[in-house]
Amino acid sequence: MNHKFDFSKEFGRIDERLIEDAGNPWTVKRNHILGLYSRSLVRAAVIILICIAAAGNSHVQAAVKSFTTKIGEKFGFVKDLSPYTDIIDQTQVVNGISLTLKEVIIDDRVLMVSVEMDSAQGKGAPGLWVNEEKTLINGRHHRSYGSINSGGINYDTLEAEPDRVLVQTYEDQILPEGEVSVHLVLEAGRDVPLPGQELDCAAEFVYDFIITPEELKAQTVSRKLDITVAASGEGRQDLTLKELVMNDLYCRIIATGATWKDEWVNQYDLKLKGTDSFGNPVSLDGAGFLSEHEMRFVTDFFGDYEAGEVVDPEDFHLSVPDKNCTYLDLQLYERRIVWNYDDEEVPNEDEEYDVETDDGWEIYSKEDNYGWEPVGEPFRITISQPGV
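Being a predicted model, the structure only gives us computed values, none of them experimental.

Participant: Tell me about the side chain of Asn247, and please be specific about residues and values.
Facilitator: The residue Asn247 is located in the loop between β18 (239-246) and β19 (251-256) in this model. Note on Asn247: relative accessible area 0%, which makes it buried. Engagement of the side chain of Asn247 in a polar contact is seen with the side chain of Asp107, the distance being 3.2 Å. Excluding residues within four positions of it along the chain, Asn247 makes contact with Asp107, Leu216, Gln219, Thr220, Val320, Pro321 and Lys323.

Quick look at the structure:
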């Protein structure tokens, strides 16, 4: 898993079992094709190929008829994202690959772009990614802690679909008021590189445009918090929730009390899980640190599902709370990380390195909640009083 991802190779692994399953009621696995983890969880990054279950959900299909954004359709958002979406519609052809930049959404933490690719390479459609070093927002580089590549497979033709959505999630970006200039560089190649890895690309696409994120910023809820989550047990630290930010795309909570060198956060995955005041499921994954003392919890674009878990399309749901909710009822959970290495292979304590972890669904059973154990007591985050 810590090697490069060859899309054409993986796509070619369509065996008789898949063809046979195509005639059965459709279920989809939530697949994390690549997972990259560092010991300190500072640069946790994931590049994911999505076969999104929302495409088969009749409730989501009915909801998305009210808007036309490809971004919303690919991820199954039931909220209308069109007020936040800028239509770019620029096409470039490089080395036989035609790439049209269709839509863009941007705010302080997220850059989302939808593209349409037409490749002369046919089924072996190349991988596509954002070149983070060359991409500039208002003339500046910004460090992302996660990348997502949504490029599904058409289950009727068993071919790669041309529509894709690329997402960069940032930890240091604060956009000014008004217009924002974007210098977006996309690269296509046979393999999608891991962060820090350099690979030859088959084509480079450069787009320059102006976008206005004020509508999304205006619809973003921010709250200062001072909520202590008691975490009893050896080696565990009480967490203090300090800030909440949420909109129709994501929810993010910043907590203090643990540091990136603490054994607890290096040996356990953490998440916050519960519901909002409307009863919508909410789940925020521990996603590394903003600084040595600031831990980040963020919602997952795939909902609260395990990698490899079979999802009934009719039951698929995101884990983002409704931004108009008045409170969140949450519980802190932990799960021990199972590292896939031998003791003699472990580098020095201060050395940053990439290792594999075994997926929870392969180790823990669904009956055991995939290994997730509650920590402390449930708690409530009050966002606003009803009617306010």
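Anyway, onward from the coordinates.
Participant: I'd like a rundown of the pairing of β18, residues and numbers included.
Facilitator: With 6 of its 8 residues buried, β18 lies for the most part within the structure. One ladder, built from 7 bridges, connects strand β17 (residues 221-229) with β18; its direction is antiparallel. Bridging across to β18, Arg223 finds its partner in Leu244. In this sheet, β19 lies alongside β18 in antiparallel orientation, the contact comprising 6 bridges. Directly across from Glu243, in β19, lies its bridge partner Ile254. The turn joining β18 and β19, which pair antiparallel and follow one another in sequence, is formed by 4 residues.

Participant: Give me the state of the cysteines: which residues, what numbers.
Facilitator: Using the criterion set out here, one finds 0 disulfides in the structure. Free of any disulfide, Cys325 has its nearest neighbouring cysteine sulfur in Cys251, separated by 7.9 Å. Take Cys325: its relative accessible area is 1%, and that puts it in the buried class.

So, how was this worked out
Residues numbered from 1 in each chain as written. Predicted model: local features only at pLDDT ≥ 70, side-chain atom pairs only at ≥ 80, totals over all residues. Heavy atoms only, no water. Helix = DSSP H or I, 4+ residues; strand = E, 2+ residues; numbered from the N terminus. Buried < 20%, exposed > 50% of the residue type's maximum accessible area, 1.4 Å probe, protein only. Polar contact = N/O pair within 3.5 Å; in protein donor to acceptor, adjacent residues only side chain to side chain. Contact = heavy atoms within 4.5 Å. Pairing = 2+ DSSP bridges. Disulfide = S-S within 2.5 Å.

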